[in-house]
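Listed below, chain by chain, are the residues.
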Amino acid sequence: MQKDQLLTRLLTRRRALLSGAAAVGAAGTAGLFVLGGDAEPVRRTATPAAGSQARRPLKPSTYRLQPLTGYGPPQATPRRTLVRRTPLLRVSGRGRTMVLTFDDGPDPRYTPAILDTLAEYEVRAMFFVCGEMAAARPDLLARMAEEGHVVGNHTWSHPLLTRLTRGQIRSQMERTCDIVEEAYGERPQWFRAPYGAWNRNAFQLGAELGMEPLAWTVDTLDWTTPGTRTIVGRVENGAAPGVVVLSHDAGGDRSQSVHALRDYLPQLLDAGYHVTVPRRQYA
Ligand SMILES: [Zn+2]
C-alpha cells in the first residue's frame, strides 16, 4: 500500500516534470514552443469528422443559432503531428529561454557527469539518444526520466537517413521509439536526423510516429574536440533567446563537452537565461 502510494507520487512528480510548467512554476516551459514554418497536417483517414452527434441540435428551433461547439462533453483533441518540410531550428517563449541538447548517447563515460551538472543547477535538457546506446544503458534513460529531462529519437544506429529506404528509416525510428518507451517510460515526441540529414521520408515517418523534427541553432562542433574553451566560447557567442544548442554526450571522447557545460551553464544562468526544454505545440 505504502509502496503503491510512493510509486504514484513518483509518477505524478515525473509527469509534472515532463509536462513542464508545474515543476518549475510560471517561469517554466509555459509558453515555450518550437518555432518553425513549413508544415502540412498529417492526412489521417482514421480521424473522425465533426461527427453527427456534434451537429444534432437538442431542440430544432429557427430562433436558435447553431452553437459553435457541439452538444455534450467536449471531445478530446486528436493527437496531431504536422509533416514538416524543414526541421525546427529554435524555440519561442517569454523571456530569455534556451535549450541544451545532447546527441548520440547515452554513454556511461560522459552522460552521468552531464546529468550531474544539470542536476546541480536544476536545469532540464534534451537528450537525442540512439536506440542501440539506450538498449545498452536503459538505467541512464530512467535517470533522465526521473530528473525531468526530455528524451528524443536519434535513430537506432545513427545512419545517414538519406541513403536508406523508407522501410529502413521506419525501422530505425520505430525500434528507437520502442526502447525509449521501455526505458524512459514514454514514447519520444521529438526526433533529430543524424548529421542533420533530413528528407521527406524522415519528416513523414517522424510525424506518423508522433514526433516533431528538432534541429539546432548553435552547433558547438564539440565532436571535433576543439578544446573546452572553444566550446564554451561558441555557446557564449551564440547565446540568444530561443537558441537550441547542439552538443554530444557520446560518439567519441566527450570530456571536453562535459567540462564545457560546467563552465557555460552557470554563465548562461548568471546572464539571465532560462535553460529549459520545449513543449510540443501539437499533441
Ligand atoms: Zn548524432
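For clarity, every value in this text was computed on a predicted model and none was experimentally measured.

Which residues make up the overall build of the chain, and what values do they have?
A tally of helices and strands in the chain yields 10 helices and 12 strands. Out of the 283 residues belonging to the chain, those deemed buried represent 40%. Counting contacts in the chain only where the partners sit at least 6 residues apart, residues at least 24 apart contribute 79% of the total.

Can you tell me about the nonpolar core, naming the residues and giving the values?
By size, the foremost hydrophobic cluster in this structure holds 61 residues, and its most contacted members are Val 129, Leu 141, Val 180 and Val 245. Once you skip the residues sitting within four places of it in the chain, Val 180 turns out to touch Val 129, Ala 134, Leu 141, Val 151, Asn 153, Arg 187 and Pro 188.

Which residues make up unusual backbone geometry, and what values do they have?
Glycine aside, negative phi is the norm for most residues, and most peptide bonds take the trans geometry. Cis geometry marks the peptide bond from Gly 105 to Pro 106, where omega comes out at 0 degrees. Although it is not a glycine, Asp 104 adopts a positive phi angle of roughly 80 degrees. Of note, Asp 104 is situated in the loop between β5 (97-103) and α4 (111-120). The phi angle at Leu 221 is positive, at roughly 55 degrees, despite the residue not being glycine. On the secondary structure map, Leu 221 appears in the loop between β10 (218-219) and α9 (228-238).

Residue-level account of the packing of α9 against helix α10 (residues 255-270), with values.
Interaxial distance between α9 and α10 falls to 8 Å at its minimum, and their mutual angle equals 40 degrees. Considering the angle they form, α9 stands oblique to α10. When the axes of α9 and α10 are compared, the crossing they make is right-handed. Contacts from Thr 228, Ile 231, Val 232, Val 235 and Glu 236 of α9 reach α10 at Gln 256, Ser 257, His 259, Ala 260, Asp 263, Tyr 264 and Gln 267.

So what about the pairing of strand β6 (residues 126-129)? Which residues, and what values?
Burial along β6 is two-sided: the face carrying Met 126 and Phe 128 and the face carrying Phe 127 and Val 129 are both buried. By the bridge criterion, 3 bridges tie β5 to β6 in an arrangement that is parallel. Counterpart to Asp 103 in the pairing with β6 is Phe 128. As a crossover connection, the stretch from β5 through α4 into β6 is right-handed. Of the pairings in the sheet, the one linking β6 to strand β7 (residues 150-153) comprises 4 bridges and is parallel in character. Note that in β7 the partner of Val 129 across the bridge is Asn 153.

What counts and what doesn't
Residues numbered from 1 in each chain as written. Predicted model: local features only at pLDDT ≥ 70, side-chain atom pairs only at ≥ 80, totals over all residues. Helix = DSSP H or I, 4+ residues; strand = E, 2+ residues; numbered from the N terminus. Buried ≥ 20, exposed ≤ 12 C-beta atoms within 10 Å, placed from the backbone. Contact = placed C-beta atoms within 7 Å. Core = buried A, V, L, I, M, F, W, Y, C linked by C-beta atoms within 7 Å. Axes fitted to C-alpha atoms, helices over the stretch in contact; angles between N-to-C directions. Parallel < 35°, antiparallel > 145°, perpendicular 65-115°, else oblique. Left-handed = near helix turned anticlockwise from the far one by under 90°. Pairing = 2+ DSSP bridges. Right-handed = clockwise from strand over helix to strand, strands pointing away.

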